[in-house]
Amino acid sequence: MRYVTRLTTALAAAAALALTAPTTAHATAIGSTPVRTFEYSVGGVTMKVPTGCMFTHVIRGSGKKITYQNAGVDCAFVGALSSGFCNWRIDFTYADTNNRTYRTSRGRTHSECKIDPMRNNSPQTLPRYGKACTHLYVNGVRRVSQCHHITK
């Protein structure tokens, strides 16, 4: 009896898939990179970013067309108790398949300290395939990056 039930369920699922209308292809990529522990100085005060923070990059679109892009930091555990990131900015860069950067969207530097810095980037169509990256700078120093390949 269980065999008949499984077979019926499998056939019903196959029929549903066969009768479903095709949808437009969309690509979504989400990636996170851990932020390593580091120290930096702000106005003579030493700030420490402990472990427990992740830098996440979300990108949506299809082909070379990007419809949504966001990057930011999420902290948990000890990282959530820190003073955060001061003098931070988030940049988006785009490189071709030979790893040559051809476009940079530089974010503004935020002087306030935030535990969860975040930035959106505007929709756009890239001139070529390659990769889209985002970088977090704290006090003018690149601290973490996260990239996604943009392919056919």
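None of the values given here were measured: they were computed from a predicted structure.

### What to know about the state of the cysteines
- Going through the model one piece at a time under the given rule, you end up with three disulfides.
- Here C86 connects covalently by a disulfide to C113, the sulfurs 1.8 Å from one another. One quick way to see it: the torsion about the S-S bond of C86 and C113 is about 105 degrees, and its sign makes the bridge right-handed. Of this pair, C86 sits in the loop between strand 5 (65–75) and strand 6 (88–96) while C113 is found in the loop between strand 7 (101–105) and strand 8 (118–121), placing the two residues 27 residues apart along the sequence.
- On the basis of relative accessible area, C113 is assigned to the partly exposed category, the value being 41%.
- A sulfur-sulfur distance of 2.0 Å marks the disulfide that ties C133 to C147. When the S-S torsion is 110 degrees, as for the bridge of C133 with C147, the disulfide is right-handed. Of this pair, C133 sits in strand 10 (residues 130–138) while C147 is found in strand 11 (residues 141–150), placing the two residues 14 residues apart along the sequence.

### Focus on the side chain of R89
- With respect to the helices and strands, R89 occurs in strand 6.
- Residue R89 is classed as buried on the basis of its relative accessible area, which comes to 9%.
- One polar contact links R89 to D91, side chain to side chain, over a distance of 3.0 Å.

### Section: the sheet that holds strand 7
- The strand order 7-6-10-11 describes an open sheet built from four strands, whose pairing is antiparallel. In this open sheet, the two strands that pair with only one neighbour each are strand 7 and strand 11. Between one strand and the next, the sheet's axes are offset by a mean angle of 20 degrees, whatever the strand orientation.
- In this sheet, strand 11 lies alongside strand 10 in antiparallel orientation, the contact comprising nine bridges. Residue pairing across strands places L136 opposite V144, the latter belonging to strand 11.

### A word on the pattern of salt bridges
- What the rule picks out here adds up to two salt bridges.
- Between D91 and R89 there is a salt bridge, with its nearest N and O atoms 3.0 Å apart.
- Taking relative accessible area as the criterion, D91 reaches 3% and is therefore assigned buried.
- One salt bridge in this structure joins R100 and D96, with 3.6 Å as the shortest N-O distance.
- Overall, R100 belongs to the exposed group, its relative accessible area being 52%.

What counts, and where the lines are drawn
- Sequence order sets the numbering: in each chain, residues are counted from 1 along the sequence as written.
- With the structure being a predicted model, the display of local features is reserved for residues of pLDDT at least 70 and the display and counting of side-chain atom pairs for 80 or more, all residues being used for whole-chain, interface and lining totals.
- Hydrogens and waters are ignored; side-chain quantities use all the structure's heavy atoms.
- Cysteine sulfur atoms that come within 2.5 Å of each other are treated as a disulfide pair.
- Secondary structure is summarised from DSSP: a helix means a run of H or I of at least four residues, a strand means a run of E of at least two, and numbering begins at the N terminus for each.
- Three labels apply to residues, based on accessible area from a 1.4 Å probe with only protein chains included: buried if under 20% of the type maximum, exposed if over 50%, partly exposed otherwise in between.
- Definition of a polar contact: a pair of N or O atoms within 3.5 Å, with one able to donate and the other able to accept a hydrogen when the atoms are protein atoms, and with sequence-neighbouring residues admitted only if both atoms are side-chain atoms.
- Here a strand pair is declared whenever DSSP counts at least two bridges between the two strands.
- Lines fitted to C-alpha atoms define the axes here, with helix axes fitted over just the stretch in contact, and angles between the N-to-C directions of these axes take values from 0 to 180 degrees.
- What makes a salt bridge here is a side-chain nitrogen of Lys or Arg within 4 Å of a carboxyl oxygen of Asp or Glu, nothing more.

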